[in-house]
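Listed below, chain by chain, are the residues.
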Amino acid sequence: MDFTLKIWRQENAKAKGRFETYHVTNISPDCSFLEMLDQLNEQLIQQKQMPICFDHDCREGICGMCSLYINGRPHGNDTGVTTCQLHMRRFKDGETIWIEPWRAKAFPVIRDLVVDRSAFDKIIQAGGYISVSTGGVPDANAIPIPKEKAELAMDAAQCIGCGACVAACKNASAMLFVAAKVSHLALLPQGQVEAKRRVKAMVAKMDELGFGNCTNTGACEAECPKEIKITNIARMNREFYKASLT
Amino acid sequence: MAKFFNSSIGKKLMMALMGLFLAVFLVVHLSINLLVLKNDGGESYQKAVEFMTSNVLIKIMEVFLFGSFALHIIYGIILQIQNWLARPVRYVKTNHSQTSFFSKYMIHTGLIIFIFLIIHFMNFYFVKLGWVAIPEGATHRHDFYNMVINLFKNPFYSWLYIIFMVLMGFHLHHAIQSAFQTMGWNHPIYTPIVKFIGVAYAILIPLGFAFIPFYVLYFF
Ligand code: HEM
Ligand code: SF4
Ligand code: FES
């Protein structure tokens with residue numbers, strides 16, 4: 001398959017970026033989006049040009065490092081997958097593909113398609129944990145948890161912190177990410193002790209870092225590669241009211 | 001507490017509560033408006049207007065109502081400005097995500113409602129207060145019946161009013177279910193019902209309001 005690529009290039013955080021046009025040919029339909037970019041980078045290196053910087057790590061959809069806003073959608077035109085799991089067969093032969101970095105004030109571009117997502121780490125540091133002394137591994141089922149709660153907590157825990165929710169949201173809001181983390185812990189008995197402090201601190205940090213406000217538009221839910229539901233946002237709101245008003 | 005009302009979620013909760021209060025008010029307003037259509041020369045309508053302008057409880061509610069409008073609008077604008085600032089560099093290829101359509105235009109439909117509100121006040125409320133001269137055809141400051149009929153006899157005014165109502169419907173289409181989500185009310189059984197009622201409300205209320213100028217214009 002052949003593609004025309006319009007890719008955002010930017011030397012560093014301060015530089016003014018621009019779109020560059022590239023052509024790739026003979027791409028296998030079974031190759032992943034990142035592998036296609038690898039091939040382009042090989043080409044660029046041979047031509048003694050700077051390769052394109054993009055984030056990636058596991059390449060199996062579990063680490064949350066890959067990003068890319070592809071043809072107007074974070075992680076491209078497939079549902080429930082990360083960019084590393086997106087295959088070129090999802091595109092039309094000869095298609096022009098626009099590739100942009102995540103755009104948000106809280107996610108500044110570092111270089112080309114790489115953005116600084118440490119704002120998410122700061123939100124986690126504000127309260128997305130449980131303070132326990134980590135001794136030996138506790139017995140399974142030592143703490144009984146109802147099946148439904150365990151399922152909901154597991155669903156929320158699937159969030160890999162990729163930031164597609166922020167990228168997709170017209171307000172660059174981080175509500176889905178924060179809601180997933182708050183829900184994950186709020187649903188489990190271990191999370192109860194610090195529940196009130198946690199939700200207040202994480203929401204305050206999220207606001208402080210310059211993410212937008214939720215307007216219940218649902219773009220996050222539509223684009224989340226882990227299909228985190230906005231019911232988690234409603235749960236976080238409930239937790240927040242409970243913590244702030246009681 | 002101050003922290004709560006300054007937080008993103010706190011501000012949204014205020015908007016949602018104020019918005020729902022406005023939505024309840026619209027039902028009361030519409031039920032009075034529909035009396036215009038009663039074939040009694042405006043007698044029942046004027047009676048209702050008199051009640052609404054003289055009752056003490058209604059006066060107190062009026063303060064709440066203006067407060068709600070003001071806060072809903074102020075918070076709406078503040079949140080929207082913050083949301084624009086949260087993405088200083090826009091995408092070139094715009095978002096193709098599957099989302100609710102009307103939710104993207106809340107600030108626009110909201111500001112259109114605000115413009116309508118100003119026109120509406122010029123035509124009625126300010127006349128009542130004596131800030132705007134009594135229009136031709138009306139006998140006194142509280143003669144809303146004749147003011148309504150005269151305005152709606154004008155096809156330009158009536159059709160503008162109808163268009164405003166359609167746009168208000170767009171606002172309400174997203175608003176009702178959104179307010180419940182903001183309040184943290186999301187439930188596998190009840191949320192589909194809330195969404196259904198929200199959409200039904202967003203269609204029926206503007207339809208009710210829009211029916212009056214239509215009727216006055218073509219069947220009176
Ligand atoms: C008939 C009058 C109005 C009613 C019944 C109404 C009702 C509502 C409701 C219930 C919401 C949902 C709140 C939420 O999502 O939590 C909402 C959202 C909104 N309203 Fe209104 N509204 C009215 C007028 C206005 C006006 C005059 C403005 C002027 C700026 C406005 C601006 C907004 C904005 C920007 C939102 C988006 C909030 C969001 O989605 O986060 N509204 N409205
Ligand atoms: S909620 Fe979904 S889109 Fe947002 S960071 Fe987590 S996995 Fe990524
Ligand atoms: S590279 Fe790890 S999720 Fe894509």
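Computed from a predicted model, the values in this text were never measured in an experiment.

Chemist: Sorry, what's going on with the site of ligand 1 here?
Modeler: Neighbouring ligand 1 are 27 residues; K12(B), H72(B), H171(B), S178(B) and T182(B) lie closest to it. In this structure ligand 1 sits where residues from chains A and B come together. K12(B) places a side-chain nitrogen or oxygen 2.4 Å from an oxygen atom of ligand 1. Between ligand 1 and the protein, one listed contact pairs an oxygen atom with a side-chain N or O atom of S178(B) at 2.3 Å. Those elements that provide at least two residues to the shell around ligand 1 are α2 (8-33), α4 (56-85), α5 (106-129) and α7 (155-182) of chain B.

Chemist: It is not clear to me how the pattern of salt bridges should be interpreted in this structure. Could you clarify?
Modeler: Side-chain pairs of opposite charge can arise where the charged atoms are in close proximity. Residue and element names in this part refer to chain A. Summed over all chains, the structure comprises 13 salt bridges over all chains. Salt-bridge contacts for R73 lead to E223; the nearest nitrogen and oxygen are separated by 2.8 Å. With a gap of 150 residues between them, R73 in strand β4 (residues 73-74) and E223 in helix α7 (residues 219-223) connect regions that are remote in the sequence. Taking the shortest distance from any N to any O, the salt bridge between K205 and E208 comes out at 3.4 Å. With K205 and E208 both in helix α6 (residues 195-208) and three residues apart, the pair spans about one turn of that helix. According to the relative accessible area criterion, K205 is partly exposed, its value standing at 22%. Look at E208 and you get exposed, because its relative accessible area is 58%. Linked through salt bridges whose partners overlap, the residues forming this network are E11, R18 and E20.

Chemist: I keep staring at the interface of chain B and chain A and nothing clicks. Help me out?
Modeler: Interfaces are frequently sized by the accessible area removed from exposure as the parts join. Contacts between chain B and chain A engage 36 residues on the former and 46 residues on the latter. Here chain B packs against chain A, burying approximately 3300 Å² in sum over the two surfaces, 55% of which is carbon and sulfur. It is I9(B), R87(B) and Y91(B) that lose the most area in chain B upon contact with chain A, and together they represent 19% of the buried surface on that side. Inspection of the chain B/chain A interface yields zero salt bridges. Across the contact surface, chain B and chain A share 24 residue pairs in polar contact (both at pLDDT 80 or more). A per-element tally of the side of chain B that touches chain A places α2(B) first, with five residues. By residue class, the composition of the side of chain B that touches chain A is twelve nonpolar, 19 polar and five charged.

Calculation criteria
Counting from 1, residues in each chain are numbered in the order their sequence is written. Each chain takes a letter, starting from A, and each ligand takes a number, starting from 1, following the order in which they are written. Reporting in this predicted model follows two pLDDT cut-offs: at least 70 for local features of residues, and 80 or more for side-chain atom pairs to be given and counted; totals over whole chains, interfaces and linings ignore these cut-offs and use all residues. Neither water nor hydrogens contribute to the side-chain values; these are computed over all heavy atoms in the structure. The rule for a residue being near a molecule or strand is that one of its heavy atoms must lie within 4 Å of it. Polar contact is defined as a pair of N or O atoms within 3.5 Å, subject to the rule that within protein one atom must be able to donate a hydrogen and the other to accept it, and that residues adjacent in sequence are counted only when both atoms are side-chain atoms. Only runs of H or I of at least four residues qualify as helices and only runs of E of at least two qualify as strands under DSSP, and these elements are numbered from the N terminus. What makes a salt bridge here is a side-chain nitrogen of Lys or Arg within 4 Å of a carboxyl oxygen of Asp or Glu, nothing more. For every residue, the accessible area (1.4 Å probe, protein chains only) is compared with the maximum for its type, and the residue is labelled buried under 20%, exposed over 50%, or partly exposed between those bounds. Should any heavy atoms of two residues lie within 4.5 Å, those residues are counted as being in contact. Note on definitions: buried area is the accessible-area loss of two parts on being combined, 1.4 Å probe, summed for both. In the scheme used here, Gly and all other residues not listed as nonpolar or charged are polar, with Ala, Val, Leu, Ile, Met, Phe, Trp, Tyr, Cys and Pro taken as nonpolar and Asp, Glu, Lys and Arg as charged.

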